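Each chain, written out:
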Amino acid sequence: TMAIDVDNGKVLWKQKAPAARLEQLHPTMGSPAAATPACDGERVYSFFGSYGLICYDLEGRKLWERALGPFRDEYGASSSPMVLGDKVILCEDHDIDSFLIALDARTGKTVWKTPRPDAVRSYATPMVWTTDGRPQLLVAGALELAGYNPANGEKLWWVNGLARIVIPAPIPVGDTIFMASWSPGGDASAK
């Protein structure tokens, strides 16, 4: 994780992830490339599939870390963390043990964790959609788009029709959610 001065490009600080080993990847199409970090104005949250989530202050001092990986996924983990209020949300859909998790932004302790047993190899970052005055987490994954309650991780609704492997994130605009998905064939419910 690096902090760069926007005025002159100077590296202000740089921290290495403490991964003991890299996740196993496809030799020509996989990558241990990191996800996009998130920031709430006080802390920076960086996720690495070979290790987990690391929280720094804006000066680069490590505040907490949560070992979560490595995961079993042919192409590597790449869903990015997002901040919602006092929580850091992360969706990790892999070959086995997929989950959606909320961590306390200040401590890294688990607030809730929701298993996603039917979700495999998807890479979309959750988005927030406010409907009827209440926020929902929009999570695109294997064959479905779902809405979750950010307070407790409860799955509120879902709609089928996405590809088996999903990369793009859903985009909410007012009362409409836009979602792009592509299937090379073989995903019978993806249309």
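In this text, all values refer to a predicted model and were calculated from it rather than measured experimentally.

Cut-offs and rules
- Residues numbered from 1 in each chain as written.
- Predicted model: local features only at pLDDT ≥ 70, side-chain atom pairs only at ≥ 80, totals over all residues.
- Heavy atoms only, no water.
- Helix = DSSP H or I, 4+ residues; strand = E, 2+ residues; numbered from the N terminus.
- Buried < 20%, exposed > 50% of the residue type's maximum accessible area, 1.4 Å probe, protein only.
- Polar contact = N/O pair within 3.5 Å; in protein donor to acceptor, adjacent residues only side chain to side chain.
- Contact = heavy atoms within 4.5 Å.
- Pairing = 2+ DSSP bridges.
- Core = buried A, V, L, I, M, F, W, Y, C linked by side-chain atoms within 4.5 Å.
- Patch = residues over 30% accessible without salt bridge, like charges linked within 9 Å, V, L, I, M, F, W, Y side chains within 5 Å.
- Areas by Shrake-Rupley, 256 points an atom, 1.4 Å probe, with all protein chains shown as cover.
- Salt bridge = Lys/Arg side-chain N within 4 Å of Asp/Glu carboxyl O.

Caption draft 1: Main features of unusual backbone geometry. Of note in the backbone geometry, Asp97 takes a positive phi value of approximately 60° without being a glycine. Assignment of secondary structure puts Asp97 in the loop between β8 (87-92) and β9 (99-104). Despite not being glycine, Asp132 shows a phi value in the positive range, around 55°. Tracing the chain through its elements places Asp132 in the loop between β11 (127-131) and β12 (134-141).

Caption draft 2: Highlighting the side chain of Asp57. Tracing the sequence through the fold places Asp57 in strand β5 (residues 52-57). Exposure remark for Asp57: the relative accessible area of 12% places this residue in the buried category. Of the polar contacts made by the side chain of Asp57, one reaches the backbone nitrogen of Gly60; its length is 3.0 Å. Here Arg61 takes part through its side chain, which lies 2.9 Å from a polar atom of the side chain of Asp57. Each residue touching Asp57, except ones within four places of it in the same chain, is listed here: Trp13, Glu42 and Leu63.

Caption draft 3: Just the sheet that holds strand β3 (residues 38-39), in detail. Pairing in this open sheet of 4 strands is antiparallel, and the strands run β3-β4-β5-β6 from one edge to the other. Since the sheet does not close on itself, it has two edges, and those belong to β3 and β6 (62-67), each with one partner.

Caption draft 4: Here's a closer look at the nonpolar core. Core analysis: the biggest nonpolar cluster contains 15 residues, and Tyr45, Phe47, Leu53, Trp64 and Leu68 have the highest contact counts within it. Counting residues per element, the ones that place at least two in this core are β4 (43-48), β5, β8 and β9. Among the elements that take part in this core, β9 stands out by supplying 3 residues, more than any other. In contact with Leu53, not counting residues within four places along its chain, are Tyr45, Ser46, Phe47, Trp64, Glu65, Arg66, Leu68, Pro81, Val88 and Leu103. Among the nonpolar cores identified, the runner-up in size contains 10 residues, and Met82, Cys91, Trp112 and Tyr148 belong to it.

Caption draft 5: Region of the structure containing a nonpolar patch on the surface. A surface patch of nonpolar side chains, about 260 Å² in accessible area, is lined by Met2, Ile4 and Val11. Looking at the element boundaries, Val11 is found in strand β2 (residues 11-14).

Caption draft 6: Up close: the pattern of salt bridges. The final tally for this structure, using the stated rule, is 8 salt bridges. The partner of Asp40 in a salt bridge is Arg43, and the shortest N-O contact between them spans 3.0 Å. Residue Arg43 is classed as buried on the basis of its relative accessible area, which comes to 9%. With a closest N to O distance of 3.3 Å, Lys62 and Glu65 form a salt bridge.

Read these as spatial facts, not as claims about activity.
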